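The residues making up each chain are set out below.
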Amino acid sequence: MTEVLPLLTGPLIGKSSSTEELNLLHAWPSVPASPSVSSEEQRDLHQISQLRERIEREIEEVKDDIRRMGQECNRQPEHEQLIQHAEREVPTKEAWRSGRMRFSKRPSDGIRYLIEQGLLNAAPEDVAVFLFEGSEILNKAAIGEYIGGGKDFNKSVLRCFVQLQQFKGLDLVNAIRMFLRSFVLPGESQQIDRMIETFAIRYCDCNQEIFSCTDTCYVLSFSIIMLNTGLHNPNVRDKPTVEKFIMMNKGLDNGQDLPQELLMNYYDSIKKDPLPRPEDSSDLAETFFSPDHQGWLVKEGGKHKNWKRRWFILTDNCLYYFKSPQDKGPKGIIPLENLQIRDGQDPKKSYMFEIFAKGTIKSCKVKDSNKAVVTGNHEVYRIQGQDESDKALWMKKIKASIHRDPFF
């Protein structure tokens, strides 16, 4: 029986064992102890059994190694694809940013540029969607100028733009509020007239039971806008009363009077809360339009060393972080000029990288207590990605931003 042992201590133990040998090993029968077997043979059988268990453990370890290697191999192409995809996006983002800046200065030129770049279809529906969905970022005065334009294409865009608004169940004043939040009314009366007329048609389509015809809604909308000016413009000394407002709209509904209670409610709503007049897009909005990269990261604090989740935006050689993507302004700013980046030095923190400099990093943040802007005191920023590929992509983007000439 001892002659069997050398046969089992050879290639089967090594990781180059063939599939047939491994199958043969698993098929090796367990030989129970028997009174007819000598003590020496029982000892040999026991050694074989132990050897078999050890080899099986080694086989399982090899299988685990193969599985882990396979997972790493599968992740690597995905990681590379993410980076390649991001690199392809850079020229597109630059074109979007350029188009957005052109749109702010000359709306028609901006739209034409985006169409020529293949970023926008030359269809009124697509242009309307672009303006409507970008109304929180785009220059609202430029949106008003474009949809108020007198060309046939601009008029079509206006109709499509208004069709994207949902006024169902809203009273007229709140519908006007919603409408005016998405752009700034232009100054020409002809443009305003065209916009209010289109709005009235859409409002009556959404609320067919309120007014007998769209003309009633059209004239009353104008009246409400004039009331807003009269009540809230400091240059108007003679403020209109509710009685005057009711008198102004007498016989408005196809020769019939509108309910006084309805008009009084409109008056009270405007008096209490003026119609919105959106400000033009700020430089901050221009900065964050089409950034180089953005996403959630976890950042270590400077003084208390606690870790907090923040929304980061990388653009114009600066790294901005916010409490949430909806915030109007950043919580902190890290200019990337003369900084370096490296893998995290703390083995307890997975997916971490560090932004560092020789000495204190020139940065700033906004204090929660009084909203004051103060300088940061970091010598190193420790930041954690969501996984290995997220960390690698952020490091690649930040490195590229550091190596470009800084935008100051």
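Residues numbered from 1 in each chain as written. Predicted model: local features only at pLDDT ≥ 70, side-chain atom pairs only at ≥ 80, totals over all residues. Heavy atoms only, no water.

Q: Before we go on, may I ask you to explain unusual backbone geometry in this structure?
A: With glycine set apart, most residues show a phi of negative sign, and most peptide bonds adopt trans. Positive phi is not limited to glycine here, since N254 has a value of about 55 degrees. Tracing the backbone shows N254 in the loop between α11 (242–248) and α12 (260–272). Here N338, not a glycine, exhibits a phi torsion of approximately 65 degrees, which is positive. (Helix = DSSP H or I, 4+ residues; strand = E, 2+ residues; numbered from the N terminus.)

Q: How should the packing of helix α8 (residues 172–181) against helix α10 (residues 214–232) be read in this particular structure?
A: Helices that pack against each other are described as a pair by the angle of their axes relative to one another and the distance between those axes. Packing of α8 against α10 brings their axes to within 11 Å, and their N-to-C directions diverge by 75 degrees. Looking at the two axes, α8 sits roughly perpendicular to α10. From α8, L172, V173 and I176 reach across to α10, where they touch C217, L220, S221 and I224. Within the contact of α8 with α10, the residues separate by chemical class into 6 nonpolar, 1 polar and no charged. (Axes fitted to C-alpha atoms, helices over the stretch in contact; angles between N-to-C directions. Parallel < 35°, antiparallel > 145°, perpendicular 65-115°, else oblique. Contact = heavy atoms within 4.5 Å. Nonpolar A, V, L, I, M, F, W, Y, C, P; charged D, E, K, R; others polar.)

Q: Mind showing me how you'd approach the pairing of strand β9 (residues 380–384) here?
A: Each regular strand displays side chains that alternate between the two surfaces of the sheet. Here β9 lies mainly inside the structure; 4 of its 5 residues are buried. As paired elements, strand β1 (residues 293–300) and β9 share 2 bridges and run antiparallel to each other. By the bridge assignment for β9, V298 is matched with Q384. Where strand β6 (residues 352–356) lies against β9, 5 bridges are found, and the strand directions are antiparallel. For F353, the partnering residue across the bridge sits in β9 and is I383. (Buried < 20%, exposed > 50% of the residue type's maximum accessible area, 1.4 Å probe, protein only. Pairing = 2+ DSSP bridges.)

Q: Any chance you could explain the pairing of β1 here in plain terms?
A: Pairing of β1 with strand β2 (residues 307–315) involves 8 bridges; the strand directions are antiparallel. If you follow K299 over to β2, its bridge partner there is K308. Connecting the antiparallel pair β1 and β2 is a turn made up of 6 residues, with K305 showing a positive phi of about 60 degrees.

Q: I'm lost on the nonpolar core in this one. Help?
A: It is characteristic of soluble globular proteins that their nonpolar side chains tend to be buried jointly. Ranked by internal contacts, the top residues of the largest apolar core, which has 56 residues, are L131, L172 and L220. Apart from the residues lying within four places of it in its own chain, the contact partners of L220 are L172, F211, F245, N249, L252, L258, L263 and Y266. Within the second largest apolar cluster, 19 residues are counted, among which are L319, I341, A357 and M395. (Core = buried A, V, L, I, M, F, W, Y, C linked by side-chain atoms within 4.5 Å.)

Q: Just to check I follow, could you spell out the pattern of salt bridges for this structure?
A: Pairing of side chains with opposite charge becomes possible as their charged atoms draw close. Under the counting rule described, the total for this entry stands at 11 salt bridges. The residue R52 makes a salt bridge to E56 at a minimum N-O spacing of 3.4 Å. Of this pair, R52 and E56 both sit in helix α3 (residues 39–105), 4 residues apart, roughly one helical turn. A salt bridge links R177 to D273; its shortest N-O distance comes to 3.6 Å. With R177 in helix α8 and D273 in the loop between α12 and α13 (283–287), the pair connects residues that are 96 residues apart, well separated along the chain. Residue R177 is classed as buried on the basis of its relative accessible area of 4%. Owing to a relative accessible area of 41%, D273 belongs among the partly exposed residues under this scheme. (Salt bridge = Lys/Arg side-chain N within 4 Å of Asp/Glu carboxyl O.)

Q: When you look at the side chain of R202 in this model, what are you seeing that I'm missing?
A: With respect to the element layout, R202 can be found in helix α9 (residues 189–206). Of the side chains with opposite charge, D205 comes closest to the buried, unpaired R202, at an N-O distance of 5.4 Å. If we skip the residues at most four places from it in the chain, R202 touches V162, Q163, Q165, Q166 and F167. (Lys, Arg positive; Asp, Glu negative; His and termini not counted.)

Q: Would you mind showing me how to read helix α7 (residues 152–163) here?
A: Residues spaced three or four apart along an α-helix face the same direction, because each turn holds 3.6 residues. With 12 residues, α7 should cover 16 Å at 1.5 Å per step; its first-to-last C-alpha distance of 17 Å lies within 8% of that length. Along α7, the residues that are buried comprise N154, V157, L158, C160, F161 and V162. Where the residues of α7 are buried, they touch α5 (124–133), α6 (140–147), α8 and α9. (Expected span 1.5 Å × (residues − 1).)

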